[in-house]
Amino acid sequence: MTDAFIDIPGVRNFRDAGGIGALRRGVLYRSGSFHTLTEDGARRLKALGLRTVIDLRSPFELEVWPDLRHDLDHETLNLPTLPANREDLDRPWPEGQAELYPFMAETAGPSLAAVIRRLATPGATPTVVHCAVGKDRTGLTIAVLQSLLGASEADITADFLLSNAGLDLLDGPTPYTDETGTERVSRPISAPLLTSALSWIHTHHGSLPAYLHPHGVTDADLTALRTNLSA
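Below you will find a few notes about this structure. (Residues numbered from 1 in each chain as written. Predicted model: local features only at pLDDT ≥ 70, side-chain atom pairs only at ≥ 80, totals over all residues. Heavy atoms only, no water.)

### Some points on the pairing of strand β4 (residues 75-78)
And then number 1: In the sheet, strand β3 (residues 52-55) pairs with β4 via 4 bridges, with the strands oriented parallel. Counterpart to D55 in the pairing with β4 is N78.
And then number 2: Handedness of the crossover joining β3 and β4 through helix α2 (residues 59-64) is recorded here as right-handed. (Pairing = 2+ DSSP bridges. Helix = DSSP H or I, 4+ residues; strand = E, 2+ residues; numbered from the N terminus. Right-handed = clockwise from strand over helix to strand, strands pointing away.)

Right under this line is the structure:
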């Protein structure tokens, strides 16, 4: 699956999310943010026929590190995976990766539903879904979409884990500076992290459709999603 990676100068971890399950190639891509996109990178995105960019980052991240466009004419949607206001939460903010993934599953329903409704709309693809580096928030979002398109757990996990190669995390954690200027450590992802998020959904809702329905996703939306993205 390493052939899924595509070189887009200025964008980290860019790859095709298709080719597994019924999800065809060339309609759904995943990546890190576009805040360092180069003009050459923009030309390559244009050659892919890019129509939509779905940005899963917080409004604050967008303010500090806005995506660059270089005259690209795609539509951009900001659909944050994580709650914007920590003060409004009735639960602790996750302190590490192990807590982050079930927390995302618990709070990302509105974002995931909006992503699905967009992709169910004719003319929305090709689409890129991204967060900061395309690892955690993007990882869960793409996993949900791939699962809805019939991909196996093994294939979904294998695609999820490619971010370790795409972000040079195969040898362990690497330091980085976040949007507040704070030095942090980016850690590799593992299969149990994704399993913990998807297990939370199935334990509390029984299935992905049952998880999504309360957030406004209809059976017609899911049918349209499969029609638009299927091979």
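### Section: helix α3 (residues 97-107)
And then number 1: For α3, the complete set of buried residues consists of L100, Y101, F103, M104, A105 and T107.
And then number 2: On its buried side, α3 packs onto α4 (109-119), α5 (137-148), α6 (153-166), α7 (191-205) and α8 (208-212). (Buried < 20%, exposed > 50% of the residue type's maximum accessible area, 1.4 Å probe, protein only. Contact = heavy atoms within 4.5 Å.)

### A short note on the nonpolar core
And then number 1: Core analysis: the biggest nonpolar cluster contains 50 residues, and L28, Y101, I116, L145, L148, L212 and L225 have the highest contact counts within it.
And then number 2: Counting residues per element, the ones that place at least two in this core are α3, α4, α5, α6, α7, α8 and α9 (219-229).
And then number 3: Aside from chain neighbours lying at most four places away, what touches L148 is I116, L208, P209, L212, L222, L225 and R226.
And then number 4: In this structure, V11, Y29, L37 and V53 belong to the second largest nonpolar core, which totals 12 residues. (Core = buried A, V, L, I, M, F, W, Y, C linked by side-chain atoms within 4.5 Å.)

### Quick notes on the side chain of D55
And then number 1: Here D55 is to be found in strand β3.
And then number 2: Of the residues examined, D55 reaches a relative accessible area of 2% and is grouped as buried.
And then number 3: Here R57 takes part through its side chain, which lies 2.8 Å from a polar atom of the side chain of D55. (Polar contact = N/O pair within 3.5 Å; in protein donor to acceptor, adjacent residues only side chain to side chain.)

### Re the environment of F103
And then number 1: Here F103 lies in helix α3.
And then number 2: For F103, the contacting residues outside a window of four places in its chain are L82, P83, L89, R91, P92, W93 and P94.

### A look at the packing of α4 against α9
Packed helices, taken two at a time, are described by the angle their axes make and the gap between the axes.
And then number 1: The contact between α4 and α9 brings their axes to 8 Å, and the two run at 55°. Overall, the two elements α4 and α9 adopt an arrangement that is oblique. Remark: the crossing between α4 and α9 carries left-handed chirality. On α9, the residues that touch I116, R117 and L119 of α4 are D221, L222, L225, N228 and L229.
And then number 2: Class assignment of the residues belonging to the contact of α4 with α9 gives a composition of 5 nonpolar, 1 polar and 2 charged. (Axes fitted to C-alpha atoms, helices over the stretch in contact; angles between N-to-C directions. Parallel < 35°, antiparallel > 145°, perpendicular 65-115°, else oblique. Left-handed = near helix turned anticlockwise from the far one by under 90°. Nonpolar A, V, L, I, M, F, W, Y, C, P; charged D, E, K, R; others polar.)

### Side note on the pairing of strand β5 (residues 127-130)
And then number 1: Of the two faces of β5, the one carrying T127 and V129 and the one carrying V128 and H130 are both buried.
And then number 2: Where strand β2 (residues 28-31) and β5 come together, 4 bridges link them in parallel fashion. What sits directly across from L28, in β5, is T127.
And then number 3: Pairing of β3 with β5 involves 4 bridges; the strand directions are parallel. Pairing of T52 across the sheet is with T127, part of β5.

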